[in-house]
Structures are given as structure tokens and as C-alpha cells.
Amino acid sequence: MLTRGTTTARTAVLAVAVLATTLILAFIPGHRGWFDAGVYYGTVRHWAATGQLYDYVRPGTPYGFTYPPFAAVCMLPMRLLGWHPAIAVGVALSAVATALLLYWIVDPIARRRGWCRWYAFGLAACLCGLSNPVRDTFSFGQVNLLLVALVFADRELTSRHFTNRKWQLLAGVGTGLAAAIKLTPALFIVHLLLTRRWRAAATATATALGATGAGFLAGPEVSRQFWTVTLWDTDRVGGFANMSNQSLQGLIARLGPQLPGRALWVAASLAVLALWAYRLHRAEAARDSLAAYSLTGIACCLVSPITWVHHLVWMLPALVVLADAALDRTRRRTLLTLCWLLQLVLSSGMVWLWRPDGRDLGTLFGGSAYVLATLGLLLALPIRRHPEEPRPPARPQQATAPAVRLPQRTAPARERPAPVG
């Protein structure tokens, strides 16, 4: 039971953490001015006015809309809002998605370990807000946190602790919607198949196909343009060697143009997918669903041709898994050190300190620090058996009195049976 002094101390620590996080976010360089939200905002208005979707580019830049048409359908309500209200709604939606995600992955750990739940949630939110992927997602006005929340909503619906059968029928809808909005989360449908969640996999596939069909109905011409031309035009999103591209393809592109980039990327991606399938099988056998979903999110980032820094919000669950494992006494010091090192790397924005045309160790290790950290997590993310099972409550210690030996009652002689023989 918390005393008043303990509650006051935790409130003070959390208040200091929130204040420090706010000041860092306010003054740290790298504010993106909601650039991507501006692309979305201009695209849906251009689509409504001209019927064209993929010929729009934001004024003064070469960047335009790169998502499937269904994503544009989801963004059509932006037409009803002014620029600043649209930004406010986008920030609010990302904040709600972040809160849900932290509740789903941090709160069970706090309950299992007997921590103060609001205190653990608050500190986790501060660390989350300081990370470069989360900062960029909010600052660009991106949709990444919404997609992570959609996929992890399905994890909640398929968990052993969720018993409402009516809601369980919706498992897979979130994954299907995420895959229809952005193609990379489609790997989670393969995840559902490999873990033998047949109903959820079928629901996710049907949802993705239905949403894609809705995009065709809303814009047949732009849908044909996307699936036949725009999807394969990587120049629309910038060069592979861009320092913000923290995928395997980006790492290979920065190593030098003399390498067989496409062939090497295909071979590396197949190796990553094989490793992911093996580790996913181990996590499923151990009934460690958080590690399983974390591994799939990591694999999505690695094999995608373009993984901008803000896409790396898929790493957040893996960091929580690592932090939870670090608190086990057997390997506490090593894993805690690794946790803080990864948090420092992901919060530093260090990849921007190097040039994409550099051919030195700095570019390899510093400019590709995020993709190397992602690869390291795929290789060594801790998997534990039944980590989500709640710990049994401790039995209260009771003072025990010395045992008193009671005399045994003997039957009267007349009641004893007569001896035989």
C-alpha cells in the first residue's frame, strides 16, 4: 500500500520528467513543420478538384502522395477542416494511439511486477516521446502510430486474457486496415498465418482486399495508376541512400554504388525473413506474444525498401520487451545497459550527422545506427516462456504457535474387538 510520502515523491519525479521532456521537445532541433500532413492535406483537396491523385506535389518540393488510394479515402475528411484544425486532429489521433499502445504493452508488465501503474505509464510516455521516431511522427504529421495501434489492437483481441467472443470476431480487422493504408504492415498477415491464427488471418486478408476494393471504387483510374506505375517509382520518395532511410536497402545503398544493390537487398531480405520466421516460431512456442509482434514489426522495417526514421515506431514494443527482460536478476546489468544505450541512440538523431555519400566507418556505423540497432534486436531480442502470466500473490506471513500434541482418545475396553486366534 502506498503511503502519502511515496505518492508525493513519485508525483514529483514524474512532474520533473514531464517538464524535462517538454523542454527538450520544445528546443531540440529537427522540427518538421508537419510536412507530410501538408502533403496529405493538399493531395485530398487536389483529388477532389481534379480527379487526379498522384500528380500532386507539394509546392516547392518534389514530394507527393505515395500511399494506396484507400489511404486517401481515409484522409478525405481533411477537406472539411482548415489547416490548423487538421493538424490538431492529427496530433490528437496520434496521441490517443500512443496512449493505447503504451497501455497495452506497459500496463500488463506494471501489474505483473506490482509497480505503480500510473507512474510506470508516465515514465514510459516520457521516454517514448523523446525517441527520434516518435518525435518525427508527430512533427511530420505522419500516420505511423495509428498503424501500430491498429495492429496491436488485433493482438489484444487474440490474447488469452481477452474473453469477449463478440469482439474476438473482429481480430484481424485492424491488421487488414493497416495493410491497406500502407503496404508494409501486410507482413503481420503472414505473422497470423505462421502462428496459426487462421480466423484472424482470413479476416485481415478479407479486410485488406475489401479496403483496397473501396479504393478502386472511389478512384478506378488513380488505383490503376498506383498499382501499375506509382508503386514501382521509388524516385517519388527520394534516393535509397538518404540518411533517413534506415532499412537494409538504405544501408546497402550507402555502402557504395559499385555493389549489386538490388540483388544484395533481395538476398539480405530473404535472410532476414528466414531469421524472423525462426524467431517468431520460438516466441510463439514460448507464448510470448509481445516479443512475437515486436519481431514482426522489426522485420517490416528491415525488409521495406524505404524505412524512414519515423517508420521505426515499430521498434517501440521491442524496446519494452528488452526493458522488461532487463529487470530479471539473471542478466540485469547487461540488458539494462543495452536498454539505455538503445534509448540514447534512438533519441539522439545521430544518423543526421553523416552524409549519404560518405564511404567511411562513420557512415556505416553512425549514419546507419538505427538499422544496425534494428538488426541487433531481430537477432537477440529476449524471448521468455510465459512472460505475460501474472505472478501469484505472495502469501502473508503469519506467526505460528508451537504445535500442541493432543492426547489420543482410547476406546473403553468393552468396545475393543476381541483378539482373533
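Residues numbered from 1 in each chain as written. Predicted model: local features only at pLDDT ≥ 70, side-chain atom pairs only at ≥ 80, totals over all residues. Heavy atoms only, no water.

Caption draft 1: Broad picture of the overall build of the chain. In terms of helices and strands, the chain carries 19 helices and zero strands. Across the 421 residues that make up the chain, the buried fraction comes to 45%. In the chain, the share of contacts with a sequence separation of at least 24, taken over all contacts with a separation of at least 6, comes to 73%. (Helix = DSSP H or I, 4+ residues; strand = E, 2+ residues; numbered from the N terminus. Buried < 20%, exposed > 50% of the residue type's maximum accessible area, 1.4 Å probe, protein only. Contact = heavy atoms within 4.5 Å.)

Caption draft 2: Structural view of helix α19 (residues 369-380). Between its terminal C-alpha atoms α19 stretches 16 Å, which fits the 16 Å expected from twelve residues at 1.5 Å a residue. Turning to α19, its buried residues number three or more, namely A369, Y370, V371, A373, T374, L377 and L378. (Expected span 1.5 Å × (residues − 1).)

Caption draft 3: Spatial organisation of the nonpolar core. Judged by nonpolar contacts, the single largest core of 94 residues is most densely connected at F65, M75, I105, F152, Y370 and L377. When residues in this core are grouped by element, the largest group, eleven residues, is from helix α15 (residues 289-303). (Core = buried A, V, L, I, M, F, W, Y, C linked by side-chain atoms within 4.5 Å.)

Caption draft 4: Structural detail: the pattern of salt bridges. Scanning all chains against the criterion turns up nine salt bridges. Across the pair D324 and R112 runs a salt bridge whose closest N-O atoms are separated by 2.7 Å. Separated by 212 residues along the polypeptide, D324 in helix α16 (residues 316-326) and R112 in helix α4 (residues 83-113) bring together distant segments of the chain. Side by side, D324 and R112 carry an identical accessibility label, which is buried. A salt bridge links R197 to E284, with the shortest nitrogen-to-oxygen separation between them at 3.4 Å. Residue R197 is located in the loop between α10 (187-194) and α11 (198-218), and its partner E284 is located in helix α14 (residues 261-285); the two are separated by 87 residues in the primary sequence. Each of the salt bridges in this network shares a partner with another, and the network as a whole consists of R112, R113, D324 and R384. (Salt bridge = Lys/Arg side-chain N within 4 Å of Asp/Glu carboxyl O.)

Caption draft 5: Geometry of the environment of A88. In this fold, A88 is placed in helix α4. In this structure A88 comes out as partly exposed when scored by relative accessible area, which is 47%. Expressed as a C-alpha distance, the spacing of A88 and G141, which sit 53 residues apart in the sequence, is 9.7 Å.

Caption draft 6: The packing of α4 against α16, seen in detail. As a packed pair, α4 and α16 sit with axes 10 Å apart at the nearest point and diverge in direction by 15°. One finds that α4 runs roughly parallel with respect to α16. In the packing of α4 onto α16, the handedness of the crossing is right-handed. Between α4 and α16, the residues in contact are I105, V106, I109, R112 and R113 and P317, V320 and D324, respectively. Here the contact of α4 with α16 is composed, by residue class, of five nonpolar, no polar and three charged. (Axes fitted to C-alpha atoms, helices over the stretch in contact; angles between N-to-C directions. Parallel < 35°, antiparallel > 145°, perpendicular 65-115°, else oblique. Left-handed = near helix turned anticlockwise from the far one by under 90°. Nonpolar A, V, L, I, M, F, W, Y, C, P; charged D, E, K, R; others polar.)

Caption draft 7: Molecular detail of the packing of aromatic side chains. Applying the stated criterion to the full structure yields twelve aromatic pairs. Ring centres 6.0 Å apart and planes at 85° place the aromatic pair F35 and Y63 in the edge-to-face group. Here F35 is found in helix α2 (residues 35-50), whereas its partner Y63 is found in the loop between α2 and α3 (69-75), with 28 residues between them in sequence. Look at Y63 and you get partly exposed, because its relative accessible area is 32%. Among the aromatic residues, those joined into a ring-pair cluster are Y40, Y54, F65, Y67, F226 and W227. (Phe/Tyr/Trp six-rings, centres within 6.5 Å; stacked < 30°, edge-to-face > 60°.)

Caption draft 8: Structural detail: a nonpolar patch on the surface. Together, L19, L23 and F27 make up an exposed nonpolar region whose accessible area comes to about 360 Å². Tracing the backbone through its elements, the reader meets L23 in helix α1 (residues 4-27). (Patch = residues over 30% accessible without salt bridge, like charges linked within 9 Å, V, L, I, M, F, W, Y side chains within 5 Å. Areas by Shrake-Rupley, 256 points an atom, 1.4 Å probe, with all protein chains shown as cover.)

Caption draft 9: Representation of helix α9 (residues 173-181) in the model. With respect to burial, α9 is a largely interior element, seven of its nine residues being buried. Regarding α9, the residues found buried are G174, T175, G176, A178, A179, A180 and I181.

Caption draft 10: Broad picture of the packing of α9 against α11. Relative to each other, α9 and α11 sit at 40°, their axes nearing to 7 Å. With respect to α11, the axis of α9 lies oblique. The element α9 and its partner α11 pack so that their crossing is right-handed. Touching V173, T175, G176, L177 and A180 of α9 are T203, A204, T207, A208, A211 and T212, all from α11. Residues of the contact of α9 with α11, tallied by class, amount to six nonpolar, five polar and no charged.

Caption draft 11: Spotlight on the side chain of Q142. Relative to the helices and strands, Q142 is located in the loop between α6 (132-140) and α7 (144-157). A relative accessible area of 6% means that Q142 is categorised as buried. Looking at Q142, its side chain comes within polar contact range of the side chain of Y40, at 3.2 Å. Within the local environment of Q142, its side chain forms a polar contact with the side chain of K182, the two groups lying 3.5 Å apart. Non-local contacts of Q142, meaning those with residues more than four positions away in its chain, are made with D36, Y40, Y67, S94, T137, K182 and H310. (Polar contact = N/O pair within 3.5 Å; in protein donor to acceptor, adjacent residues only side chain to side chain.)

Caption draft 12: Unusual backbone geometry, seen in detail. Even without being glycine, R196 reaches a positive phi, approximately 60°. Here R196 is to be found in the loop between α10 and α11. Backbone geometry at R287 places phi at a positive 60°, although glycine is not the residue there. Turning to its location among the elements, R287 is positioned in the loop between α14 and α15.

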